[in-house]
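# Structure at a glance
Here's the letter readout for the chains.
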Amino acid sequence: MNTNKGFTLIELLVVVLIIGILAAMAMPQYFKAVERSRMTEAVTLLGNIAQAQQRKYLQINKYTTNYRALDVAPKGANGSIYYTKGNVSTGANGNGFAVSLSGTAFTGGKVTAVREANGSASTNLQYKYTLSRWYASNDTQCDGSDENGQALCADFCGIDMPRSSCCSDGRSSGGCSQPVQND
């Protein structure tokens, strides 16, 4: 009777190989899910800023380009650009978005979140894209600047084919429409 119980080296290598193959198939989906959660966080932030800008417009009849003037300014936000990760004034040591305010007119005001790393557009990001929202609109525009960013934007917009620009309401060309002021 053989009392040596255990696995052979070949059996162990086969198990490790199978685990490696399964992990290699799952990792891209994991990274995409992580990026989608970052995108959702940014869309929520853009929505909060747009609502704060609408309240500011009701007060002074124009939008502001300084976070300090908003009633929901993120902690440490100063000026027209805020970095969601890392140093709030430079974005250094971060892996988030640079969120900028622009325009003071009703038809020209919008907030933009650019996916950045370490305070500047990075070439080593897997997903490169920009989210924009007009203050007077409920839709968010997604502009992918690389193949993965375009695929993520298509998923965000609910369309089948990746495009360089799409709108959260499902429009796949031209992005979101600029608001029109009714007199």
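A few points on the structure.

Reading guide: rules and limits
- Residues numbered from 1 in each chain as written.
- Predicted model: local features only at pLDDT ≥ 70, side-chain atom pairs only at ≥ 80, totals over all residues.
- Heavy atoms only, no water.
- Pairing = 2+ DSSP bridges.
- Helix = DSSP H or I, 4+ residues; strand = E, 2+ residues; numbered from the N terminus.
- Axes fitted to C-alpha atoms, helices over the stretch in contact; angles between N-to-C directions.
- Contact = heavy atoms within 4.5 Å.
- Core = buried A, V, L, I, M, F, W, Y, C linked by side-chain atoms within 4.5 Å.
- Buried < 20%, exposed > 50% of the residue type's maximum accessible area, 1.4 Å probe, protein only.
- Parallel < 35°, antiparallel > 145°, perpendicular 65-115°, else oblique.
- Left-handed = near helix turned anticlockwise from the far one by under 90°.
- Nonpolar A, V, L, I, M, F, W, Y, C, P; charged D, E, K, R; others polar.

## Looking at the sheet that holds strand β3 (residues 110–115)
In spatial order, the strands read β1-β2-β3-β4-β5-β6; together these 6 strands make up an open sheet with antiparallel pairing. Only two strands of the sheet have a single partner each, and these edge strands are β1 (81–83) and β6 (165–167). Between one strand axis and the next, the sheet turns by 20° as a mean value, whatever way the strands run. Relative to strand β2 (residues 97–102), β1 runs antiparallel, the two being bridged by 3 bridges. Counterpart to Tyr83 in the pairing with β2 is Ala98. Seen against the sheet, helix α1 (residues 9–60) touches β2, β3, β4 (129–134) and β5 (141–144) and runs at an angle of roughly 25° to β4. Sheet contacts for helix α2 (residues 147–157): β4, β5 and β6; angle to β5, the most-contacted strand, approximately 160°.

## Some points on the nonpolar core
Counting 29 residues, the largest nonpolar core has Ile49, Tyr67, Val99, Tyr129, Leu131 and Cys142 as its most contacted members. If you list the elements that add at least two residues to this core, you get α1, β2, β3, β4 and α2. For this core, the element with the highest residue contribution is α1, accounting for 7 residues. Beyond its immediate stretch of four places on either side in the chain, Cys142 contacts Met39, Tyr129, Thr130, Leu131, Cys153, Phe156, Cys157, Ser164, Ser165 and Cys166.

## Focus: the packing of α1 against α2
Two elements in contact, α1 and α2, have axes separated by 11 Å at closest approach and are oriented at 60°. Relative to α2, α1 is oriented oblique. The two elements α1 and α2 cross, and the hand of that crossing is right-handed. Contacts between α1 and α2 involve Lys32, Glu35, Arg36, Met39 and Val43 from the former and Leu152, Asp155 and Phe156 from the latter. Residues belonging to the contact of α1 with α2 are distributed by class as follows: 4 nonpolar, no polar and 4 charged.

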